[in-house]
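Examination of the molecular architecture
In case you want the letters, here they are:
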2 protein chains.
Amino acid sequence: MTVTHDMIRRLSRYKTVLKRLKSLGFVKVFSDNLGDALGISASLVRKDFASFGITGNKRGGYQVEALLVKLYEILGKNCSQQIIVVGCGKIGTALIDYNNFKQDGIKVVAGFDVASDIITTEGPAPIYDISELEEFIRREQIQIAILAVPESAAAHTADTLIHAGIKGILNFAPIQLKGPSNCIIRNINIRMEIEHLFCLIHFQEKDEAINE
Amino acid sequence: MTVTHDMIRRLSRYKTVLKRLKSLGFVKVFSDNLGDALGISASLVRKDFASFGITGNKRGGYQVEALLVKLYEILGKNCSQQIIVVGCGKIGTALIDYNNFKQDGIKVVAGFDVASDIITTEGPAPIYDISELEEFIRREQIQIAILAVPESAAAHTADTLIHAGIKGILNFAPIQLKGPSNCIIRNINIRMEIEHLFCLIHFQEKDEAINE
DNA sequence: TAGATTGTTAATCGATTAACAATC
DNA sequence: TAGATTGTTAATCGATTAACAATC
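None of these values were measured; they are calculated from a predicted model.

**Overview of the sheet that holds strand β6 (residues 144-147) of chain B**
Residues and elements named next belong to chain B. Spatially, β5-β4-β3-β6-β7-β8 is the arrangement adopted by the 6 strands of the open sheet, whose pairing is parallel. The two strands at the open ends of the sheet, each matched to only one other strand, are β5 (127-129) and β8 (184-187). Each neighbouring strand pair of the sheet contributes to a mean axis angle of 25°, computed without reference to strand direction. Sheet analysis places strand β3 (residues 81-86) next to β6, joined by 4 bridges and oriented parallel. Bridging across to β6, Val 85 finds its partner in Ile 146.

This is the structure we're talking about:
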């Protein structure tokens, strides 16, 4: 089976909705409900579940609890999800301090930087010198790194990470990185997102002008 | 014509590539080159350009300079692209200080926060009390805001922004916001991005196990 | 049983690519 | 002219939705 990006995004969103339903005391849920919550068809919900071998009851829908357990498993929530942050400038440290992952089992265990004056063992996670990066990744078997270095350092830092065995990189540097087949890179480009918005607004205004 | 998200993302990437080509002294470029650079077919490049009324020469490709001018226009680079940051915690201030937009004409002109002790006129952009938000948006005709408030404040702050006339929101709060038809919201959910990576790795490992 | 919802197949839709005539 | 590249139409591909038999 091929797992698409959109599929995974939906799985993540099902999980969020189901967690809320569970906290409300819901025991079962129908594909119809989940479809409404995500703004997609019930067919797609059922198809997604079928793809991952999740089955429901012909008339009773899906058990919320069992569904969550399955989703946790698929999303890898049974393993420890330890990540590191490479580049501890403003954005890097913000991400280290950002503790919104914790409730979902994701933990930033260390930061790394070239500036020796910010090395510290204080704070939510220790910050080490970049020279310790490779050994740390190997020793702690870190799979995922957030890359928050300046553009000029992005490409070679990514190479270092990949060489050390990192399997996934979330890249905040403003450059489109492409990884080898054994490392998945997701690029978050804030400048592009803002341009995207300006462009959409631009067209919306045009369309309105036409409609009038 | 309908402008899709993917289309805009490609326009943005064409622009990046073309800027680099220009700095290298390139005068013309073929759809084939751009396709290679973006990892798409030459057909799609030509189709994109056709959609926006950009024409080339039957044998001479496209003029780099003219193409850039057109793209700037489409991406709204002729208007001043002033944005604000609402919520000046760690991530908010990091974005205010982040000056990577500047070279692309995007400028953060103010920050807003509820905490009165961080109000300041120092730094790259002044930080005002949230009570001044609506008036500022109206007076300065701000179109786009970055939302970086805590999850609990996200929904009602977004409502305030929309009410004040904001046309686009880049949301960093970990909650999927949905806007009305006159305001476009793009959600950046870092937790989901990391889960996404873990999930992909998970499946890659499985697939490898099967192939062996 | 009657009614409702799943699981799955067929239909639809949209985006991308291939192909090729037009033409510089 | 011959060769190369655009602009555009047709073909393909993949993702989503509609439909419906199976069945609880």
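Still to come is the rest of the account.
**Details of the relation of the copies chain B and chain A**
You can overlay chain B on chain A at an RMSD of 0.0 Å; the transform is a turn of 180° with a shift of 0.0 Å along its axis. On the angle and the small slide along the axis, the relation comes out as a two-fold axis. Among all residues of chain B, the minimum C-alpha distance to the rotation axis is found for Ile 91 of chain B, at 3.3 Å.

**Some words on the protein's contact with DNA strand C**
Of all residues adjacent to DNA strand C, which total 21 residues, the nearest are Arg 46, Gly 56, Lys 58, Arg 59 and Tyr 62 of chain A. For DNA strand C, the backbone portion of the atoms within 4 Å of the protein, that is sugar and phosphate, comes to 54%. Among the secondary structure elements, those contributing two or more residues to the surface near DNA strand C are α3 (42-51) of chain A together with α1 (5-23) and α3 (42-51) of chain B. Per element, the largest residue contribution to the surface near DNA strand C is 4 residues, and it comes from α3 of chain B. Of the residues assigned to the surface near DNA strand C, the class counts are 3 nonpolar, 8 polar and 10 charged.

**Digging into the domain arrangement of chain A**
Domain parsing of chain A yields domain 1 (5-74) and domain 2 (81-192). Using C-alpha coordinates to define each centre, domain 1 of chain A is positioned 32 Å away from domain 2 of chain A.

**A closer look at the pattern of salt bridges**
Residue and element names in this part refer to chain A. Scanning the entire structure with this criterion turns up 28 salt bridges over all chains. Where Arg 10 meets Asp 48, a salt bridge forms, and the shortest distance between an N and an O atom there is 2.7 Å. Of this pair, Arg 10 sits in helix α1 (residues 5-23) while Asp 48 sits in helix α3, placing them 38 residues apart in sequence. Note that Glu 134 and Arg 138 form a salt bridge whose closest N and O atoms lie 3.5 Å from each other.

**Observations concerning the interface of chain B and chain A**
A common measure of how large an interface is: the accessible area buried when the components associate. The partner chain A presents 60 residues to the 60 residues of chain B that form the contact. Counting the surface lost from both chain B and chain A, the interface buries some 6000 Å², and carbon and sulfur atoms represent 70% of this. In terms of surface lost to chain A, no three residues of chain B exceed Arg 191, Leu 197 and Phe 198 of chain B, which account for 11% of the buried area on that side. Remark: the boundary between chain B and chain A carries 10 salt bridges. Among the salt bridges present, the one from Glu 195 of chain B reaches Lys 77 of chain A, with a minimum N-O distance of 3.0 Å. Applying the counting criterion to the chain B and chain A interface returns 12 residue pairs in polar contact (both at pLDDT 80 or more). Mapped by element, the contributors of at least two residues to the side of chain B that touches chain A are α1, α4 (64-74), β3, α5 (90-97), β6, β7 (168-171), β8 and α8 (190-211) of chain B. Counting residues per element, the side of chain B that touches chain A draws most heavily on α8 of chain B, which supplies 16 residues. Here the side of chain B that touches chain A is built from residues that sort into 30 nonpolar, 15 polar and 15 charged.

**Topic: the side chain of Arg 191 of chain A**
Within the fold, Arg 191 of chain A resides in helix α8 (residues 190-211). Note on Arg 191 of chain A: relative accessible area 9%, which makes it buried. Apart from residues no more than four positions distant in its own chain, Arg 191 of chain A is found in contact with Ser 12, Lys 15, Thr 16, Phe 101, Asp 104 and Ile 106 of chain B.

So, how was this worked out
Here the residue numbering is sequential within each chain, running from 1 through the sequence in written order. Lettering for chains starts from A, numbering for ligands starts from 1, and both go in the order in which the items are written. Confidence filtering applies because this is a predicted model: local features only for residues at pLDDT of at least 70, side-chain atom pairs given and counted only at 80 or more, and all residues used for totals across whole chains, interfaces and linings. Based on all heavy atoms of the structure, the side-chain values leave hydrogens and waters out of the count. Pairing between strands is defined by DSSP: at least two bridges between the two strands are required. Secondary structure elements follow DSSP: runs of H or I of four or more residues count as helices, runs of E of two or more count as strands, with numbering from the N terminus. For helices, the axis comes from a line fit to the C-alpha atoms of the stretch in contact; other axes are also lines fit to C-alpha atoms, and the angle between any two N-to-C directions lies between 0 and 180 degrees. Here the copies are matched by least squares. The fit uses the C-alpha atoms of residues with pLDDT of at least 70 in both. A cutoff of 4 Å decides nearness: a residue is near a molecule or strand if any of its heavy atoms lies inside that distance of it. Classes in brief: Ala, Val, Leu, Ile, Met, Phe, Trp, Tyr, Cys and Pro nonpolar; Asp, Glu, Lys and Arg charged; the others, Gly included, polar. Domain delimitation in this document rests on an assignment produced automatically or drawn from a domain database. Salt bridge, as used here, is a side-chain nitrogen of Lys or Arg placed within 4 Å of a carboxyl oxygen of Asp or Glu. Any two residues having at least one pair of non-hydrogen atoms within 4.5 Å are treated as being in contact. What counts as buried area is the accessible surface, traced by a 1.4 Å probe, that two parts surrender upon association, with contributions from both included. Any N or O atom pair separated by 3.5 Å or less is treated as a polar contact, with the protein-specific requirement of one donor-capable and one acceptor-capable atom, and with residues adjacent in sequence counted only for side-chain atom pairs. Accessible area is worked out with a 1.4 Å probe on protein chains only. A residue is then buried under 20% of its type maximum, exposed over 50%, and partly exposed in between.

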